[in-house]
Amino acid sequence: MTVRARLVGLALLAMAAALPARAESLADTMVAAYRHSALIEQNRAVLRAADEDVAASVAALRPVVQWIARHGIQRSEGGPTTRSTSLALNGSVTLYDFGRSQLAIDGTKEQVLATRQALVSVEQDVLLSATVAYFQVREAIQQVALQQNSVEVLSRERQAAQDRFDVGEITVTDVALADAQLAATRAGLAAANGQLEVAREAYLAATGRQAGNLSTPPSLPKLPATLDEARAIAQRSHPAIRQAQRQAAAAEIGVAAAAAERNPILSGTASIGVNRTPQARLGGGLVSESTNTASVGLELSQTLYSGGRLPAAHRRAMAQRDQARSALLNVSRQVSQSVGETWANIAVARAQITAIDQQISAAQQAYNGVREEALLGAR
């Protein structure tokens, strides 16, 4: 039984080795690129850092508790040296700041949303680069196959020319022309092989693995009915526009936050502690006297004059708001222009495909005619 089981296992392994490798689809390439990209990981870290900014802003509304230990020595002229030690636990909390902290929280949240859209944009760029690399490898493979076929055909044509020269039908010039065509085609094959290596390197950089057997890509998605509809979709969903919108919203909140810096702040404090001070005792010697303390209080403060710092911060926030608004308008125009250019390029590509198909059909008919004429001795 053991020998039979081993034979069955070897047979299964041989069958598995004989099976062709599974073709890698475009979706497989995009998944590999998404998992491999260090740029995506970098921007994920940026997003996590932005999330922590929100937590830091929320912490401004929460209590702060800290312990404080002190030890001091005091000596006055002509008097004894006194030492004191204290240990206290202090707590403080902002009770009301007239919306200043909430504005800071809202501003950091908008920055997080803008950072998320930046991550979406990076993800799209990574997937696009992988898709381009996928199609470049497929195109390069087909170019190599086409050049190899041309070399084979022209090699036969060159041999036929040599045979005709040997029987005196053509001159040495005709043979030289055939040699030149064959050499040019071999040069094209070398260039095609080089381009294939370049495409494979780009694929490796995008996905982290070598390009294997790439399957036929799926059909293209359906385009919007009109150019205006395509532009409307881009204005609604393009991550660059969404990022600029969030940044503009954060800038608006920044103006309100800069104005709120002039508002008062009401805070509460509480403290408990113990003080220990050595005291002189009758008859000599020292004794430590401990005192427990506790306190609570309210504090209301407001900046009356800052030397122009607060007005300058307010004006800077307004300038940054205007900058964010202009950036949003500029990004919107750039996206609209890109959509229009891409729409025109698609129309041109479709027209070129139709013309090239007609050219291929006509060239095939001409080739068939030349071959028939050659066979009949008319060429």
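What you see is a predicted model, and the numbers here were worked out from it, not measured in a lab. (Residues numbered from 1 in each chain as written. Predicted model: local features only at pLDDT ≥ 70, side-chain atom pairs only at ≥ 80, totals over all residues. Heavy atoms only, no water.)

**Observations regarding the overall build of the protein**
Link 1 in the chain: When helices and strands are tallied, the protein shows eight helices and four strands.
Link 2 in the chain: The secondary structure elements of the protein, listed N-terminal to C-terminal, are α-α-α-β-β-α-α-α-α-β-β-α.
Link 3 in the chain: Whereas a compact globule of 379 residues would reach a radius of gyration of roughly 21 Å, the protein reaches 40 Å, over 25% beyond that.
Link 4 in the chain: Overall size of the protein, expressed as C-alpha extent along the three principal axes, is 140 × 70 × 45 Å.
Link 5 in the chain: The buried share of the protein, taken over its 379 residues, is 24%.
Link 6 in the chain: Relative to all contacts within the protein whose residues are 6 or more apart in sequence, the contacts with residues 24 or more apart total 76%.
Link 7 in the chain: When the accessible surface of the protein is summed, it comes to about 25,800 Å², and 57% of that surface belongs to carbon and sulfur atoms. (Helix = DSSP H or I, 4+ residues; strand = E, 2+ residues; numbered from the N terminus. Rg over C-alpha atoms; globule rule 2.2 N^0.38 Å. Buried < 20%, exposed > 50% of the residue type's maximum accessible area, 1.4 Å probe, protein only. Contact = heavy atoms within 4.5 Å. Areas by Shrake-Rupley, 256 points an atom, 1.4 Å probe, with all protein chains shown as cover.)

**Considering the pattern of salt bridges**
Link 1 in the chain: Going through the model one piece at a time under the given rule, you end up with eight salt bridges.
Link 2 in the chain: A salt bridge links arginine 246 to glutamate 110; its shortest N-O distance comes to 3.4 Å. Of the two residues, arginine 246 is situated in helix 7 (residues 239–260) and glutamate 110 in helix 4 (residues 100–166); the sequence distance between them amounts to 136 residues.
Link 3 in the chain: Assessed through its relative accessible area of 33%, arginine 246 is described here as partly exposed.
Link 4 in the chain: The exposure class assigned to glutamate 110 is buried, which follows from its relative accessible area of 16%. (Salt bridge = Lys/Arg side-chain N within 4 Å of Asp/Glu carboxyl O.)

**Considerations on the environment of serine 301**
Link 1 in the chain: Topologically, serine 301 is positioned in strand 4 (residues 286–301).
Link 2 in the chain: Once the C-alpha coordinates of serine 301 and serine 267 are considered, the two residues, 34 residues apart in sequence, prove to be 8.6 Å apart.
Link 3 in the chain: Among all residues touching serine 301, those that are not within four sequence positions of it are Pro264 and Ile265.

**Considering helix 8 (residues 309–376)**
Link 1 in the chain: For helix 8, which comprises 68 residues, the first-to-last C-alpha distance of 97 Å matches the rise-based estimate of 100 Å (1.5 Å per residue) to within 8%.
Link 2 in the chain: Of all the positions in helix 8, only Leu310, His314, Ala317, Arg321, Ala324, Val331, Ser332, Val335, Ser336, Val339 and Gly340 are classed as buried.
Link 3 in the chain: Considering only its buried residues, helix 8 is in contact with helix 6 (227–237) and helix 7. (Expected span 1.5 Å × (residues − 1).)

**Brief notes about the packing of aromatic side chains**
Link 1 in the chain: On inspection of all chains with the given rule, the structure shows two aromatic pairs.
Link 2 in the chain: For the ring pair tyrosine 134 and phenylalanine 135, a centre distance of 5.6 Å and an interplane angle of 85° mean the geometry is edge-to-face.
Link 3 in the chain: By relative accessible area, which is 36% here, phenylalanine 135 ends up partly exposed. (Phe/Tyr/Trp six-rings, centres within 6.5 Å; stacked < 30°, edge-to-face > 60°.)

**Describing the confidence of the model for the protein**
Link 1 in the chain: With 90% of its residues at a pLDDT of 70 or more, the protein shows a mean pLDDT of 88.
Link 2 in the chain: Model confidence for the protein, summarised as mean pLDDT per element, is weakest for helix 1 (residues 2–18) at 49 and strongest for helix 7 at 96.
Link 3 in the chain: Low pLDDT (under 50) marks residues 13–20, which in the prediction has zero contacts with non-local residues, meaning those over four places away or in another chain. (pLDDT = per-residue confidence, 0-100.)

**Comments concerning the packing of helix 7 against helix 8**
For any two helices packed against each other, one specifies the crossing angle of their axes together with the interaxial distance.
Link 1 in the chain: In contact at an axis separation of 8 Å, helix 7 and helix 8 are set at 165° when each is read in the N-to-C sense. Taken together, the axes of helix 7 and helix 8 are roughly antiparallel relative to one another. Judged by the sense of rotation from one axis to the other, the crossing of helix 7 with helix 8 is left-handed. Contacts from Ala240, Ile241, Ala244, Gln245, Gln247, Ala248, Ala251, Glu252, Gly254, Val255, Ala258 and Ala259 in helix 7 reach Ala313, His314, Ala317, Met318, Gln320, Arg321, Ala324, Arg325, Leu328, Val331, Ser332 and Val335 in helix 8.
Link 2 in the chain: Counted by class, the contact of helix 7 with helix 8 contains 15 nonpolar, six polar and three charged residues. (Axes fitted to C-alpha atoms, helices over the stretch in contact; angles between N-to-C directions. Parallel < 35°, antiparallel > 145°, perpendicular 65-115°, else oblique. Left-handed = near helix turned anticlockwise from the far one by under 90°. Nonpolar A, V, L, I, M, F, W, Y, C, P; charged D, E, K, R; others polar.)

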